[in-house]
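Residues per chain are reported as follows:
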Amino acid sequence: MMRSMFSAVSGLRANQTMMDVVGNNIANVNTPGFKASSITFEEALFQLLRGPGESINPLQLGLGVRVASIDPIFTQGAVQVTGRTTDLAIQGQGFFILENDGQRYYTRSGAFNFDGAGNLVTSNGFRVLGWAADASGTVDPNAPVEPITIPIGQVTPARATSQVLVGGNLSADAPIGTAVDTSITVYDSLGNPHTLQLTFTKSATNTWDVAATVDGSAGSLSPNQIVFDTGGALTTAGPLVFSGVTPPGADPMAFDVVIGGTGGLVQYGGVSTAEATNQDGRASGVLRGFAISDDGTITGQFSNGETKVLGAIAVASFANPAGLVRVGNSNFAASVNSGEPLIGTPGTGPRGQLTAGALEMSNVDLAQEFTSLIVAQRGFQANARVISSSDEILADLVNLKR
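Values in this document were obtained by computation on a predicted structure and should not be read as measured data. (Residues numbered from 1 in each chain as written. Predicted model: local features only at pLDDT ≥ 70, side-chain atom pairs only at ≥ 80, totals over all residues. Heavy atoms only, no water.)

## A closer look at the overall build of the protein chain
Looking only at helices and strands, the protein chain features two helices and 33 strands. Over its C-alpha trace the protein chain gives a radius of gyration of 38 Å, far above what one expects of a compact globule, namely 21 Å for 402 residues. Expressed as lengths along the three principal axes of its C-alpha atoms, the size of the protein chain is roughly 140 × 45 × 35 Å. By residue count, 38% of the 402 residues in the protein chain fall in the buried class. For the protein chain, long-range pairs separated by at least 24 residues make up 62% of all intrachain contacts whose partners lie at least 6 apart in sequence. (Helix = DSSP H or I, 4+ residues; strand = E, 2+ residues; numbered from the N terminus. Rg over C-alpha atoms; globule rule 2.2 N^0.38 Å. Buried < 20%, exposed > 50% of the residue type's maximum accessible area, 1.4 Å probe, protein only. Contact = heavy atoms within 4.5 Å.)

Written as structure tokens, this is what we have:
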């Protein structure tokens, strides 16, 4: 049999494999996070017909072609805005980390959502890994990664008011006996709101008495009098300490009424503008939504207006991403040739930043794929022609004995 026929068969196989690669690339042109593959051929072993000698070159005959490698192309895909809060795209290097049945996988497809238990998962139920924040809202990126869980409806505790800020002007022109009122909502230990009313009554030149009530019940202020100097600045040291009111079922209310410092009370001419400007208490709140920042931080938004860090999404990078093994569902698994995953927060080291509400699209270049399709088709046809030509030569050889 002719060696050309077997060489051509290897060409058919190689170009068929090229068609398979191109076909898979084109099939996944709209798959989020898909990375196209490229194929490389190499010549097969050569048969040595004559060895080299002095002034004599070797005679070698090729035995066809074979596939050298099929390599993924990890170029950046286009980012498409989806508007879904849980959709994430990585701009740069890196992979999201997934877990299923104790096995870890890696993906560029950030089409995530929450299941009924509040777990951040992929469409096939794989859990997304990252870090949970502690009670103070701090995330430790050096801790082991774990599945991200954000149960919608979780409650942030109430906080009793511990400080009320008062600022503005008490008119130096006001006659003795003038009263200036201001009110603000404060909270007890259960998070229930109450109305605090402060009354400033001018009792002497540069001197004002202060009284406080909570929902109409008189409380105690210590001290209950403030004094200004002739330049309009407070001479009273420290805050006014409120006490003496206990709401039903709650702890006794106690907080500081801060009247000095930047933005505090002054006494100048003109109208009185004194008012309570702020307080630090809050009611309990229910998680209503969340946002994901470029560095993977997940911030919860609660019904009481509070925002709190709930966790962060982890991203892994590899020394050799081409060494990863495709396992289906747009996922990869680490291998001995990919190296160990380097896990960290997005935007650190070689890891890219996140874009929330968007997905990275496939990086398949249709113009390149259609060109490769033509090349593979012509390569297949050419090798088929070699086989048919070899067959004709063999037929002529058989016909010699006739």
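Let's pick the thread back up.
## Notes on the nonpolar core
Judged by nonpolar contacts, the single largest core of 27 residues is most densely connected at V166, L170, L196, F200, I226, F242 and L265. For this core, the leading source of residues is strand 17 (residues 207-214), giving four residues. Apart from the residues within four sequence positions on either side, L265 is in contact with V166, G167, G168, L170, F200, I226, F228, L234, I259 and A274. Y105, F112, L120 and I292 belong to the second-largest nonpolar core, a separate cluster that totals 20 residues. (Core = buried A, V, L, I, M, F, W, Y, C linked by side-chain atoms within 4.5 Å.)

## Considering the pattern of salt bridges
Summed over all chains, the structure comprises five salt bridges. Here R66 makes a salt bridge to E42, at a shortest N to O gap of 2.9 Å. Of the two residues, R66 sits in strand 4 (residues 65-72) while E42 sits in strand 1 (residues 37-43), which places them 24 residues apart along the sequence. R84 is paired through a salt bridge with D87; the nearest N and O atoms lie 2.5 Å apart. With a relative accessible area of 37%, R84 lands in the partly exposed category. (Salt bridge = Lys/Arg side-chain N within 4 Å of Asp/Glu carboxyl O.)

## Regarding the packing of aromatic side chains
Scanning all chains against the criterion turns up nine aromatic pairs. Plain terms: the ring middles of F95 and F318 are 5.8 Å apart, the flat faces sit at 75° to each other, and that makes the pair edge-to-face. Separated by 223 residues along the polypeptide, F95 in strand 7 (residues 95-100) and F318 in the loop between strand 28 (315-317) and strand 29 (325-328) bring together distant segments of the chain. Both residues of the pair, F95 and F318, belong to the buried class. These aromatic residues form a ring-pair network of at least three members: F74, F95, Y106, F318 and F332. (Phe/Tyr/Trp six-rings, centres within 6.5 Å; stacked < 30°, edge-to-face > 60°.)

## Overview of the side chain of T107
Take T107: it is sitting in strand 8 (residues 103-107). The exposure class of T107 is buried, given its relative accessible area of 2%. Of note is the side chain of T107, whose polar atom sits 3.0 Å from the backbone nitrogen of S109. Excluding residues within four positions of it along the chain, T107 makes contact with F95, F96, L98, S330 and N331. (Polar contact = N/O pair within 3.5 Å; in protein donor to acceptor, adjacent residues only side chain to side chain.)

## Focus on helix 1 (residues 3-27)
Relative to the 36 Å expected for 25 residues at 1.5 Å per residue, helix 1 spans 36 Å between its end C-alpha atoms, a close match to the ideal helical length. Among all positions in helix 1, only M5, S7, A8, S10, G11, L12, A14, N15, M18, V21, V22 and N25 are buried. Each element contacted by the buried residues of helix 1 is listed here: strand 1, strand 3 (59-62), strand 4 and helix 2 (366-398). (Expected span 1.5 Å × (residues − 1).)

## Considering the packing of helix 1 against helix 2
At a minimum axis distance of 8 Å, the contact between helix 1 and helix 2 shows a crossing angle of 160°. What the angle tells us is that helix 1 and helix 2 run roughly antiparallel. Here helix 1 and helix 2 pass one another in a crossing that is left-handed. A per-class count over the contact of helix 1 with helix 2 returns 18 nonpolar, 11 polar and two charged. (Axes fitted to C-alpha atoms, helices over the stretch in contact; angles between N-to-C directions. Parallel < 35°, antiparallel > 145°, perpendicular 65-115°, else oblique. Left-handed = near helix turned anticlockwise from the far one by under 90°. Nonpolar A, V, L, I, M, F, W, Y, C, P; charged D, E, K, R; others polar.)

## Description of helix 2
Over its 33 residues, helix 2 runs 48 Å from end to end, which matches the ideal 48 Å to within 8%, given 1.5 Å per residue. Buried within helix 2 we find E369, S372, A376, G379, N383, S390 and L394. Of the surrounding secondary structure, the elements contacted by the buried residues of helix 2 are helix 1. Between a side-chain oxygen at the N-terminus of helix 2 and the backbone nitrogen of A367 the separation is 3.1 Å; the capping residue is D365.

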